[in-house]
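Here is what each chain is made of, one letter per residue.
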Amino acid sequence: MEPEPEMREIRVVGFLGVSDYGLGQLETLIKRYTVAFATAKKKHTAHASGLDTKLEEKLCMVNRIPYLGSVDANSAELVARAGETDLVVIGGYDGILKKPFLEAPRHGVINTHLGLLPLNRGCCPTLWAQLHGLPQGYTTYLVGEAIDHGPSLDRYEAPASLGALRDDNRRVYDALAEAAVGRFAAALKRLESGKALKPCSGPEAYHKKGMPNDGWLSFFWTDEFLLRFSLALDFAPYLPGRTRQEHGDEIFLAILSSEAEPVPAAPAVVPGTVLEVIGQDDLTVKTTEAAVRCRLRKGPMPELGSVLASGRPESDAEGGCAHPIDADFSGKELPLHRYIISEVTAGKKTVRPARGAI
């Protein structure tokens, strides 16, 4: 018979960062353990606006948890604080933790990543899952030195319908956040049980910081990819895809649907031509396949018959974009191959993305 696993005793925990799901996880921690400290993110982000106040006033002050605000978790002070805990939980921290901090808590550091690891590592995992047509989900795991890589406590794959060309990215994020909070207590019990954790194995892909194509739309893309791109970038308070009018004004459009039978127009009408203006907010734009119904989210309504630009501006074309997409890309999903990790050097995985645009 195999020996019984040795229980991991957890009494004191620390908490790093803030997010919608992180606040819910902190509430679970408060019910189970002594929380030695809590921090905000290292840097301010628009989508976490207001959460810092809730963290400080609704959770920390009420429960007498030392609130440290925005800090560098790798500082000597924070490493020392972490060393007085049994476990540190990342609840939306935006800095990369170094080895001294990771090794300070008795049982390490755990994090919840809103992507299925190791295939969807890196920034904005819900966005990239939508663009690649990957399953949505999250992974709660024991943090290692490699980013978003470590043995898992809980790996949840959402129903296939989530994010399937009907949900904007904010809805996807919120659904996964709710599931992550609801299952968090069970993940903690699994850690406490002492049982071996599931290894992080399988095909790996990594997405570095930056928006696909810097957010610029192309009306030479397929109608399905235009819709997919718009939904993936639509994460309140951030805006979806952008384009430019002939005279240079930038506008932001949400793609609502494909119009299989576009408004009759002369054969010479080019993709990007405004075919209809509907009320104050909606318009129909010619595409390479047919047309798309759009909603104006920011900027002036373009005039009927005007042409909206496709792709990134020439001034941006030669540099700066971490994830370029060709203006005439003809796929329905963004290929994953350029994000696959393909080399292992000295025990560390190296990201080797393909050069050039997709």
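- Going by an unreviewed UniProt entry, the protein carries the name Formyl transferase N-terminal domain-containing protein and comes from Effrenium voratum.

1. A word on helix 6 (residues 169-182)
Turning to step 1, where the next piece is worked out: Look at helix 6: 20 Å from first C-alpha to last across 14 residues, which is about the 20 Å you get at 1.5 Å a residue.
Turning to step 2, where the next piece is worked out: Of the positions making up helix 6, those classed as buried are Asn169, Arg170, Val172, Tyr173, Leu176, Ala177, Ala179 and Ala180.

2. Some words on unusual backbone geometry
Turning to step 1, where the next piece is worked out: With an omega of 5°, the peptide bond running from Leu117 to Pro118 counts as cis.
Turning to step 2, where the next piece is worked out: Within the chain, Arg64 stands out as a residue other than glycine whose phi angle is a positive 55°.
Turning to step 3, where the next piece is worked out: Note that Arg64 resides in the loop between helix 2 (51-63) and helix 3 (76-82).
Turning to step 4, where the next piece is worked out: In this structure, Asp214 takes a positive phi of about 55° despite not being glycine.
Turning to step 5, where the next piece is worked out: Structurally, the position occupied by Asp214 is in the loop between strand 8 (206-207) and helix 8 (223-233).

3. Comments concerning the side chain of Lys41
Turning to step 1, where the next piece is worked out: Structurally, Lys41 can be placed in the loop between strand 2 (34-38) and helix 2.
Turning to step 2, where the next piece is worked out: Buried Lys41, no salt bridge; nearest opposite-charge side chain is Asp94, N-O distance 5.5 Å.
Turning to step 3, where the next piece is worked out: For Lys41, the side chain forms a polar contact with the main-chain oxygen of Val18, separated by 3.4 Å.

4. Description of the side chain of Thr284
Turning to step 1, where the next piece is worked out: In this structure, Thr284 sits in strand 12 (residues 282-286).
Turning to step 2, where the next piece is worked out: According to the relative accessible area criterion, Thr284 is buried, its value standing at 1%.
Turning to step 3, where the next piece is worked out: Polar contacts involving the side chain of Thr284 include one to the side chain of Arg293, which spans 3.0 Å.
Turning to step 4, where the next piece is worked out: Filtering out sequence-adjacent residues up to four positions away, Thr284 remains in contact with Glu259, Thr273, Val274, Leu275, Glu276, Ile278, Ala291, Val292 and Arg293.

5. Quick word on the pairing of strand 2
Turning to step 1, where the next piece is worked out: Sheet topology note: the strand 1 (residues 12-16)/strand 2 ladder contains four bridges and is parallel. Bridged to Val13 within strand 2 is Val35.
Turning to step 2, where the next piece is worked out: Between the parallel pair strand 1 and strand 2, the chain is carried across by helix 1 (residues 20-32), and the sense of this crossover is right-handed.

Cut-offs applied
- Residues numbered from 1 in each chain as written.
- Predicted model: local features only at pLDDT ≥ 70, side-chain atom pairs only at ≥ 80, totals over all residues.
- Heavy atoms only, no water.
- Helix = DSSP H or I, 4+ residues; strand = E, 2+ residues; numbered from the N terminus.
- Expected span 1.5 Å × (residues − 1).
- Buried < 20%, exposed > 50% of the residue type's maximum accessible area, 1.4 Å probe, protein only.
- Lys, Arg positive; Asp, Glu negative; His and termini not counted.
- Salt bridge = Lys/Arg side-chain N within 4 Å of Asp/Glu carboxyl O.
- Polar contact = N/O pair within 3.5 Å; in protein donor to acceptor, adjacent residues only side chain to side chain.
- Contact = heavy atoms within 4.5 Å.
- Pairing = 2+ DSSP bridges.
- Right-handed = clockwise from strand over helix to strand, strands pointing away.

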